[in-house]
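Listed below are the residues making up each chain.
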Amino acid sequence: MSILENALLLSALASAVRLTTPIGLAAIGAVISERSGVINIGLEGMMLSGAFAAVVGSHYLGGPWMGLLAAMVAGGVVALLLAYPSVTLGAAQIVVGVAINLAAFGLTTFLDRTLLRPAGIERVAAFHPVPIPYLSELPLVGPVLFMQNPLVYLMLLLAPALTVFVFRTPWGLALRAVGENPRAADTAGINVTLVRYLAVATSGIFAGMAGAFLSLGHLDLFTENMTAGRGFIALAAVIFGKWHPLGALAAAFVFGAADAFQLLVQTYNLGFPYQFPLMLPYVLALLALAGVVGRSAAPAAAGQPYPAEEA
Amino acid sequence: MTRLVFARLLPVWAVLLALLLGMIMVWFAGANPIQAYVELFRGAFADVFGFATTLVKMTPLLFAGLGVAIALRGGLYNIGAEGQIYLGGLAAALVGIYVHGLPSLAHIPLAMAAAFVAGGLWALLPITLKLWRGVNEIITTLLMNYIAILLVSVIASGPLMEPGAPSPYTPPLEPSAHLPVIIRMTDAHAGVLVAVALAFTLHFIFARTRFGFQLRMVGANPSAAAYAGLSVSWTLLLAMVAGGGFAGLAGASEVMGLKHRLFEGFSPGYGYDAIVVAFLSNGQPLGVVAMSLFFGALRSGANIMQRSVGIPVAIIFAMQGLAVLFLASSLALRRRLATAHRGEQETRQAQVIVGPR
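Residues numbered from 1 in each chain as written. Chains lettered and ligands numbered in written order. Predicted model: local features only at pLDDT ≥ 70, side-chain atom pairs only at ≥ 80, totals over all residues.

A. Spotlight on the overall build of chain A. From N to C terminus, chain A includes 12 helices and 0 strands. Traced from its N-terminal end to its C-terminal end, chain A shows the element sequence α-α-α-α-α-α-α-α-α-α-α-α. Over its C-alpha trace chain A gives a radius of gyration of 20 Å, about what one expects of a compact globule, namely 19 Å for 311 residues. Taken over 311 residues, chain A has a buried fraction of 56%. (Helix = DSSP H or I, 4+ residues; strand = E, 2+ residues; numbered from the N terminus. Rg over C-alpha atoms; globule rule 2.2 N^0.38 Å. Buried ≥ 20, exposed ≤ 12 C-beta atoms within 10 Å, placed from the backbone.)

Written as structure tokens, this is what we have:
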């Protein structure tokens, strides 16, 4: 392999990791919410709110880290707007989620035009790549994984941490119990409502971080509707990753790699439609759900309010 | 008792609250809220071009909203209307481009039938997986949306792309497959008439036919319906596939009535808006007509409002989102209050019979 091809491969893989990050951060958070039985269709809106708050925070509070904090708060607050109707009142999660997406798109665009642009706030202080000593000198993984910006490292650390949380702690057990059989969990003394609130808020906070990566990691500004459907792709990654944080991260990487690959297909005209690599992860996720490739099943109570409605 | 009256009116308060927040946003943007709302209304209804735009914008919401509503009555969530719209648009475009020499009276129904079948088939896999494998239809329909959007993108940018086109779209449909214009000099096309006629047909089917009764029973209580000897699976299968077909018609009417070509990414999320429309209509076809008219008017009027008062169109999406959020919350709250009220009454009756504890 020539040096040139080698460099090309490394830059493609590094760009795949960057394209993975917003999807991955949102997806590992959404695993928590889905494990509690709440399907977070509002992920897209929470990401977009996070992307917007990150720019505002970076400008007014001083720097990208404050921007990240603002994004996490914004994502969490929007998540509570989903949690109250869908968990406390038992409203349809899907409808509330779609409403959140509409409202977040409308409000961020509106505020961008009436607040940020007139104030002349455009480019703000953003995250920069921070090579990790020693690790970044490793062949292949060094330049691909360890010469990235801090949010990428955050994702790589949080995915295993959440895995331990979900599968190795009593809180994780409570979370899974609520998502599989809320009535039994309730009988066992678990506060179903509280668990679902915390899970949805966690998902919102992660979605906020994912949004901050878009506006402060990828770029250094907010653009209207800059999530462009990534929230929904993150939901697909949760499914493809079988409701497991590390699985969701791996699935997000498949989506990110597919995205990087389709850019190559377009640039070098590789002789087949660039949409095929983009389509592949969705087809694989469907096959997994159908039981053709491996087994994949959603938490049993996903999408259902508790207490259940008496007709 | 007063609490119950308050509960009945909750949806009204919800919409008023959203409108009020909208006024605050307009004021925040430095414009006169009253004037902005007047311009919005005038733009949507009082001006012939604005009204035509209202009709154009409501049509895909109406078709797809009916598609989601049919499934909703059976207790199913069809999140896949977006994908079904794309498949319907694709089928209509293929029939419109490649079938030659038919009169409009045959060509239009043929293309629409093809779109109905394509949308229905796209809904067949999710419902099959749900009924025979227990896979959540929300998840499968969501995934299939992406496959459909990318599929149309492949076709519009590859084999069917108009030679020399600056962006991916196909050659035009035969004129015989164009839906006729219903208001001269505007974009308003006959798709809206077809959609309204179908809404009334569905209303009749739901209210008066055996299938409508079965669907309602299955949606309300599947196990009771099965006990009563109804085929739950076949009823749900039929509802989901018919719903997919209706969403497919939304794609057909966009392609045959408005764009006259198949464009890559031609639906900006109509399928998701349709979920909101169907839900707010409580699955009632005539409610879907009213709701899609309302949403279409907001979108049409917002353009005029942006031009005359300088308020970004985006405010409409914010208000719509907030209105739906408040409405969904208030409907759920009302149900909770009603249940609690019934519970209180039952307790009181029990006390009358048994005596207080």
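B. View of the overall build of chain B. Along its length, chain B carries 14 helices and 0 strands. Secondary structure of chain B in N-to-C order comes out as α-α-α-α-α-α-α-α-α-α-α-α-α-α. For chain B, the C-alpha radius of gyration of 23 Å lies close to 21 Å, the compact-globule estimate for 357 residues. Seen along its three principal axes, the alpha-carbon backbone of chain B occupies a region of about 85 × 60 × 35 Å. Out of the 357 residues in chain B, the part that is buried amounts to 53%.

C. Geometry of the interface of chain B and chain A. Contacts between the two partners involve 45 residues from chain B, matched on the other side by 43 residues from chain A. Going through the elements one at a time, helix 2 (10-28), helix 6 (104-133), helix 7 (137-157), helix 12 (270-280) and helix 14 (314-354) of chain B are the ones with two or more residues in the side of chain B that touches chain A. For the side of chain B that touches chain A, the element with the most residues is helix 14 of chain B, which contributes 18 residues. Of the residues belonging to the side of chain B that touches chain A, the class tally is 33 nonpolar, 9 polar and 3 charged. (Contact = placed C-beta atoms within 7 Å. Nonpolar A, V, L, I, M, F, W, Y, C, P; charged D, E, K, R; others polar.)

D. Quick peek at the nonpolar core. Ala27, Val95 and Ala237 of chain A are the most contacted members of the largest nonpolar core, which has 231 residues in total. Residues within four places of alanine 27 of chain A in sequence aside, it is in contact with Ala234, Ala237, Val238, Gly241, Ala248, Ala251 and Ala252 of chain A. (Core = buried A, V, L, I, M, F, W, Y, C linked by C-beta atoms within 7 Å.)

E. Highlighting the packing of helix 3 (residues 33-46) of chain B against helix 4 (residues 48-73) of chain B. Residue and element names in this part refer to chain B. Two numbers describe how helix 3 lies on helix 4: the axes approach to 5 Å, and their chain directions differ by 80 degrees. Judged on the interaxial angle alone, helix 4 and helix 3 are roughly perpendicular. Residues Gly43, Ala44, Phe45 and Ala46 of helix 3 pack against Gly50, Phe51 and Thr54 of helix 4. Along the lines of polarity and charge, the residues of the contact of helix 3 with helix 4 split into 4 nonpolar, 3 polar and no charged. (Axes fitted to C-alpha atoms, helices over the stretch in contact; angles between N-to-C directions. Parallel < 35°, antiparallel > 145°, perpendicular 65-115°, else oblique.)

F. Structural detail: the packing of helix 5 (residues 81-98) of chain B against helix 12 of chain B. Residues and elements named next belong to chain B. Where helix 5 contacts helix 12, the axes come no closer than 7 Å and their chain directions differ by 130 degrees. Here helix 5 lies oblique to helix 12, going by the angle between them. Relative to helix 12, helix 5 is oriented so that their crossing is right-handed. Taking contact as the criterion, the partners of Ala81, Glu82 and Ile85 in helix 5 are, on helix 12, Tyr270, Gly271, Tyr272 and Ala274. Here the contact of helix 5 with helix 12 is built from residues that sort into 5 nonpolar, 1 polar and 1 charged. (Left-handed = near helix turned anticlockwise from the far one by under 90°.)

G. Summary view of the confidence of the model for chain B. Residue and element names in this part refer to chain B. Across chain B, the average pLDDT comes to 89, with 94% of residues at or above 70. Element-level mean pLDDT values for chain B span from 67 in helix 1 (residues 2-8) up to 97 in helix 5. The ipTM assigned to the predicted complex is 0.85, against a pTM of 0.87. (pLDDT = per-residue confidence, 0-100.)

H. Main features of the environment of valine 15 of chain B. Residue and element names in this part refer to chain B. Relative to the helices and strands, valine 15 resides in helix 2. Each C-alpha atom of the pair valine 15 and leucine 327 lies 7.0 Å from the other, and the pair is 312 residues apart in sequence. Excluding residues within four positions of it along the chain, valine 15 makes contact with Ala323 and Leu327.

I. Fine view of helix 4 (residues 93-116) of chain A. Taking 1.5 Å of rise per residue, the 24 residues of helix 4 of chain A would be expected to cover 34 Å, and the 32 Å separating its terminal C-alpha atoms lies within 8% of that figure. Burial analysis of helix 4 of chain A places 21 of its 24 residues in the buried class, the great majority of the element. (Expected span 1.5 Å × (residues − 1).)

J. Just the environment of alanine 290 of chain A, in detail. In this fold, alanine 290 of chain A is placed in helix 12 (residues 275-290). Residue alanine 290 of chain A is classed as partly exposed on the basis of its C-beta count, with 17 C-beta atoms lying within 10 Å. Along the backbone, alanine 290 of chain A and tyrosine 60 of chain A are 230 residues apart, and their C-alpha atoms lie at a distance of 49 Å. Every residue in contact with alanine 290 of chain A, bar those within four places of it in the chain, is listed here: Leu129, Arg133 and Val135 of chain B.

K. The arrangement of unusual backbone geometry in detail. Despite not being glycine, tyrosine 134 of chain A shows a phi value in the positive range, around 65 degrees. With respect to the helices and strands, tyrosine 134 of chain A occurs in the loop between helix 4 and helix 5 (141-145). By C-beta crowding, tyrosine 134 of chain A is classed as exposed, having 9 other C-beta atoms within 10 Å. For asparagine 282 of chain B, which is not glycine, the phi dihedral falls at a positive 55 degrees. Mapped onto the secondary structure, asparagine 282 of chain B falls in the loop between helix 12 and helix 13 (285-309).

L. Layout of the environment of glycine 75 of chain A. Residues and elements named next belong to chain A. Position of glycine 75 relative to the elements: it lies in helix 3 (residues 64-88). Separated by 28 residues in sequence, glycine 75 and methionine 47 place their C-alpha atoms 6.7 Å apart. Dropping the residues within four chain positions of it, glycine 75 is found in contact with Met46, Ser49, Gly50, Gly204, Ile205, Ala207, Gly208 and Gly211.

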